[in-house]
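Listed below, chain by chain, are the residues.
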Amino acid sequence: MAFTNEQLERYSRHILLKEVGAKGQRRLCNGKVLILGAGGLGAPAALYLAAAGVGTIGIADADVVDLSNLQRQIIHSTPDIGHPKVQSAKETMQSINPEVNVVTYHTFVTADNVMDIIADYDFIIDGTDNFPAKFLINDACVLAGKAFSHAGILRFGGQLLTYVPGEGPCYRCVFKEPPPPEAVPTCRQAGVIGAMGGVIGSLQAMEAVKFLLGKGDLLTSALLTYDALKMEFRKIKVPHRASCAVCGDHPTIDKPFDYDQAVCDLDARH
Amino acid sequence: MNITVAGIRKQVPADTTIADLIVSEGVETPEYVTVSVNDDFAEQSAFATTALREGDSVEFLYFMGGGKLDIRF
Ligand SMILES: [Zn+2]
């Protein structure tokens, strides 16, 4: 398909890049990215991917917009309070770029539906806040052979890791199992700077764009950590773990499962 | 002896173990931290018995929750 004049103008700053060009922009326009969680990480990721013209963007979230979200979840606005986050996100994305097909999943993501939800997508962005959900998404992506971006944010810090099948460790290689509820500080107890979601969520969008373009080096064998107070980014090498329960030499996990602790969904609030 | 902790060169007593370093570094929630030495994971069960060596590079990897959350007071 040929680009219209309007598309050529809209995506001109991409097309100018030798790593992108018309061919790369076409790859973005044909790309399918799923964002799990329309919160602090998912909001900026969704905005940049919509603006970039990623053809199909799925967004899953069971929650409604709350006043306390607006400090960092920049895809939602004050009039959206009380509305489903996926609806609010879709409206904002389509007002930025009406060409993008936004698919909404107003549901909790669980072991029962995760494989169906991720099946259609090229790349998955984990924008969830709780560890059972993070392990569920990791296991599902490993089992389905899908590339995904893990990220976490807390206080003035953030971390990022990209999984690509067959290339380096998965999230479970690094962290093995979710910690017991309340064992480690969460943003809910400890807080987080709103712009942290912008920094780390934008990096997730960047990994998705690079994956779709097939350009550059993805963050597949290192955990990137960001300390805003020290203004320091570090790439910590992490190996594949041969004993990993899902991607190791003798995996014991052959289908996704929900941890009993907390609700295994996208909302650990209740 | 000299080792590197989270990218910073440090002097620690000879025979310092991973468990010792966790204490001296004030690692938060040490039961749930992943440790790597020279880019290889160290097993939690061996923290107390694994003596570090001159030149080792140690990293602490912490659980970090996510973006979609609600802060309620
Ligand atoms: Zn693994």
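Since the model is a prediction, treat every value here as computed from it, not as a measurement.

Asker: What am I meant to see in the nonpolar core here?
Answerer: Across soluble globular proteins, nonpolar side chains show a tendency to be buried alongside one another. In terms of nonpolar packing, the biggest core is built from 38 residues, with L34(A), I124(A), C170(A), F175(A) and L61(B) touching the most fellow members. The element contributing the most residues to this core is helix α7 (residues 131-144) of chain A, with seven residues. Filtering out sequence-adjacent residues up to four positions away, C170(A) remains in contact with N138(A), V142(A), L161(A), Y163(A), C244(A), V246(A) and C247(A). V20(A), V33(A), V54(A) and V86(A) belong to the second-largest nonpolar core, a separate cluster that totals 29 residues.

Asker: Before we go on, may I ask you to explain the sheet that holds strand β2 (residues 56-60) of chain A in this structure?
Answerer: Strand pairs in the sheet, formed through backbone hydrogen bonds, run parallel or antiparallel to each other. All names here are of chain A. As summarised here, the arrangement of the eight strands in space is β3-β2-β1-β4-β5-β6-β7-β8, forming an open sheet in which the pairing is mixed. Every other strand in the sheet has two partners, leaving β3 (101-105) and β8 (232-237) as the edge strands with one partner each. Looking at each pair of strands side by side, their axes are set apart by 15° on average, direction ignored. Judged from the five bridges that link them, strand β1 (residues 32-36) and β2 form a sheet pairing that is parallel. Within the sheet, the bridge partner assigned to V33 lies in β2 and is I57. Contacting β1, β2 and β4 (123-126), helix α4 (residues 42-51) runs over the sheet at an angle of about 160° to β1.

Asker: Even after reading the chapter, I still don't get the coordination of the zinc ion, so can you show me in this structure?
Answerer: Around a metal, the idealised angle for a tetrahedral arrangement of four donor atoms is 109.5 degrees; for an octahedral arrangement of six donor atoms it is 90 or 180 degrees. Residue and element names in this part refer to chain A. Bound to the zinc ion are the protein donor atoms C170 (SG), C173 (SG), C244 (SG) and C247 (SG), situated 2.2 to 2.3 Å from the metal. Geometry at the zinc ion is tetrahedral, judged from its four donor atoms and the angles of 92 to 119° they form at the metal. Sequence positions of the residues that donate to the zinc ion give the spacing C-x2-C-x70-C-x2-C. The exposure class assigned to C170 is buried, which follows from its relative accessible area of 0%.

Asker: Would you explain the pattern of salt bridges in this entry?
Answerer: A pair can form between side chains of opposite charge whenever their charged atoms are brought close. Within the structure shown, the criterion is met by nine salt bridges over all chains. A salt bridge links D126(A) to K134(A); its shortest N-O distance comes to 3.1 Å. When its relative accessible area of 0% is taken as the criterion, D126(A) is described as buried. Between E59(B) and R234(A) there is a salt bridge whose closest N-O contact spans 2.5 Å. Of this pair, E59(B) sits in strand β5 (residues 57-61) while R234(A) sits in strand β8, each in a different chain. E59(B) gets classed as buried once you look at its relative accessible area, which sits at 8%. The network of salt bridges with shared partners includes K176(A), R241(A) and E43(B).

About the cut-offs
- Residues numbered from 1 in each chain as written.
- Chains lettered and ligands numbered in written order.
- Predicted model: local features only at pLDDT ≥ 70, side-chain atom pairs only at ≥ 80, totals over all residues.
- Heavy atoms only, no water.
- Core = buried A, V, L, I, M, F, W, Y, C linked by side-chain atoms within 4.5 Å.
- Buried < 20%, exposed > 50% of the residue type's maximum accessible area, 1.4 Å probe, protein only.
- Helix = DSSP H or I, 4+ residues; strand = E, 2+ residues; numbered from the N terminus.
- Contact = heavy atoms within 4.5 Å.
- Pairing = 2+ DSSP bridges.
- Axes fitted to C-alpha atoms, helices over the stretch in contact; angles between N-to-C directions.
- Donors = N, O, S within 2.8 Å, 3.2 Å for Na, K, Ca; no water.
- Tetrahedral: all angles 85-135°; square planar, octahedral: opposite > 155°, others 65-115°.
- Salt bridge = Lys/Arg side-chain N within 4 Å of Asp/Glu carboxyl O.

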